[in-house]
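The chain contents come next:
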Amino acid sequence: MSDEVIQAKFTRIAMYLDEKTKRLWCAYEALALGRGGVTTVSQATGISRTTITTGIQELIGKKEAPRERMRRSGGGRKKKQYPPEHPFLILGEVPNLSNSLEAALSSNSHVVRHIVPGQQARRLTANRYEVDFASAESLAELRELLNGSGTNSPVGAMVNLLPLSAGFVEHSSSPSVEELPVWLFKCVKEFAPDMQQSAEQGGGLLLNLTGMGGDFGIHLSACVPPSHGSVLGLAKTIAQEYPTLSVKNLDVDSSLPAELLFSHLMSEITADDRRLEV
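Residues numbered from 1 in each chain as written. Predicted model: local features only at pLDDT ≥ 70, side-chain atom pairs only at ≥ 80, totals over all residues. Heavy atoms only, no water.

Asker: Please clarify how the packing of helix α1 (residues 3-13) against helix α3 (residues 37-45) should be interpreted in this entry.
Answerer: The axes of two packed helices give the description: the angle between them and the distance between them. Interaxial distance between α1 and α3 falls to 8 Å at its minimum, and their mutual angle equals 55°. In terms of axis orientation, α1 runs oblique to α3. Remark: the crossing between α1 and α3 carries right-handed chirality. On the side of α1, the interface is formed by Asp3, Ile6, Gln7 and Phe10, while α3 contributes Thr40, Val41, Gln43, Ala44 and Thr45. Partitioned by chemical class, the residues of the contact of α1 with α3 number four nonpolar, four polar and one charged. (Axes fitted to C-alpha atoms, helices over the stretch in contact; angles between N-to-C directions. Helix = DSSP H or I, 4+ residues; strand = E, 2+ residues; numbered from the N terminus. Parallel < 35°, antiparallel > 145°, perpendicular 65-115°, else oblique. Left-handed = near helix turned anticlockwise from the far one by under 90°. Contact = heavy atoms within 4.5 Å. Nonpolar A, V, L, I, M, F, W, Y, C, P; charged D, E, K, R; others polar.)

Right, dumping it as structure tokens:
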């Protein structure tokens, strides 16, 4: 992304932002760009590198936002400390959101593995894999691949973005949408022993995202995708079946900008609580 594009985006939105939200917006854009992002965003917006770096630390939970201004969502809650060597699995791909999440977790010294739907279990790049979520055999093969990827540590957390991925956001009766809860069930069943082991050392998170308007469909005028309600119900069942795990379901308005979704998501990942519905 060029300096001109970032500058144009910032110019359009800057009048609606205060000091803190400008800092966080720039931090989000810098994380999305990856290497050299802080310098690029600083040059495009005129916001100092120090300020953007501070925003990144706030987003990934290393630093609290100043209390005299706007408190970060969840900023007063106890921080959860994950074993950094226990991998985070990001399931599914949402443009901008999943890449920013991977960058933020990696910046915080976590091992991250990005898992996307495919026809078989295989490694695509260093941290990216695909798997047939509908196949227990494929998921077992994925687990073996992950164990042989340079870390023998148990999976510490699972962030399920599949309900917000392309093909699942809109209401549909296609088989892939109907199978979405099954995908989550089979994935959790395969990796539950890992996450239970990680829970003994501070890990063991399952964070599931649904897109029912941010209030679990209470005030949503359009038809709520049935798979999202099914996934929510499954998350509640998983919480009962595996009481040592920290199971959360974060419901969001999927039309919100990715940077706002990212901030909310990071807040819930770093919060050390056991709220089932957020």
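Asker: Help me understand the packing of aromatic side chains, please; the structure alone is not making it clear to me.
Answerer: Any pair of aromatic rings gets described here by the distance separating the centres and the angle formed by the planes. Under the defined criterion, the tally for this structure stands at four aromatic pairs. Over the ring of Tyr82 we find Lys80; its NZ or CZ atom is 5.4 Å from the centre of that ring. (Phe/Tyr/Trp six-rings, centres within 6.5 Å; stacked < 30°, edge-to-face > 60°. Lys NZ or Arg CZ within 6 Å of the ring centre and 35° of its normal.)

Asker: Just to check I follow, could you spell out the nonpolar core for this structure?
Answerer: Grouped burial of nonpolar side chains is what soluble globular proteins tend to show. Core analysis: the largest hydrophobic core is formed by 44 residues, its most contacted members being Leu101, Phe262, Leu265 and Ile269. Element by element, the count of residues in this core is highest for helix α2 (residues 19-33), at seven residues. Not counting residues up to four positions away in its chain, the partners in contact with Leu101 are Ile90, Val159, Phe262, Leu265, Met266 and Ile269. In this structure, Tyr129, Phe133, Leu184 and Phe191 belong to the second largest nonpolar core, which totals 29 residues. (Core = buried A, V, L, I, M, F, W, Y, C linked by side-chain atoms within 4.5 Å. Buried < 20%, exposed > 50% of the residue type's maximum accessible area, 1.4 Å probe, protein only.)

Asker: Hey, could you run me through the packing of helix α6 (residues 136-147) against helix α8 (residues 180-199) in this one?
Answerer: The geometry of α6 relative to α8 is characterised by a closest axis approach of 9 Å and an angle of 35° between their N-to-C directions. The handedness of the crossing between α6 and α8 is right-handed. Side by side, α6 and α8 meet where Ala136, Leu139, Ala140, Leu142, Arg143 and Leu146 of the first sit next to Lys186, Cys187, Glu190, Phe191, Pro193 and Asp194 of the second. Of the residues in the contact of α6 with α8, the class split is eight nonpolar, no polar and four charged.

Asker: Which parts of the structure should I look at to understand the confidence of the model for the chain?
Answerer: Parts of the model with low pLDDT should not have their predicted coordinates read in detail. With 86% of its residues at a pLDDT of 70 or more, the chain shows a mean pLDDT of 83. The low-confidence segment residues 67-75, where pLDDT is below 50, has 19 contacts with residues more than four positions distant or belonging to other chains. Within the model, the stretch residues 168-175 combines pLDDT values under 50 with 18 contacts to residues more than four positions away or in other chains. (pLDDT = per-residue confidence, 0-100.)

Asker: Quick question: what am I supposed to make of α6 here?
Answerer: Residues lying three or four places apart along an α-helix face the same way, a consequence of the helix completing one turn every 3.6 residues. Its twelve residues give α6 an end-to-end C-alpha distance of 17 Å, which sits within 8% of 16 Å, the value for a rise of 1.5 Å per residue. By the burial criterion, the buried members of α6 are Ser138, Leu139, Leu142 and Leu146. One side of α6 holds all its buried residues, which, seen down the axis, span an arc of 100°. Exposed side of α6, more than 90 degrees from the buried face: Glu137 and Glu144 are the residues found there. Looking at the buried side of α6, the elements it contacts are β1 (88-91), β2 (112-117), β4 (128-131) and α8. (Expected span 1.5 Å × (residues − 1). Arc of directions from axis to C-beta.)

Asker: Teacher, can you tell me more about the side chain of Glu130 here?
Answerer: Of note, Glu130 is situated in strand β4. By relative accessible area, which is 11% here, Glu130 ends up buried. Side-chain polar atoms of Glu130 contact the side chain of Arg122, separated by 2.6 Å. With residues near it in sequence (within four places) discarded, Glu130 still touches Val116, Pro117, Gly118, Gln119, Gln120, Ala121, Arg122 and Leu124. (Polar contact = N/O pair within 3.5 Å; in protein donor to acceptor, adjacent residues only side chain to side chain.)

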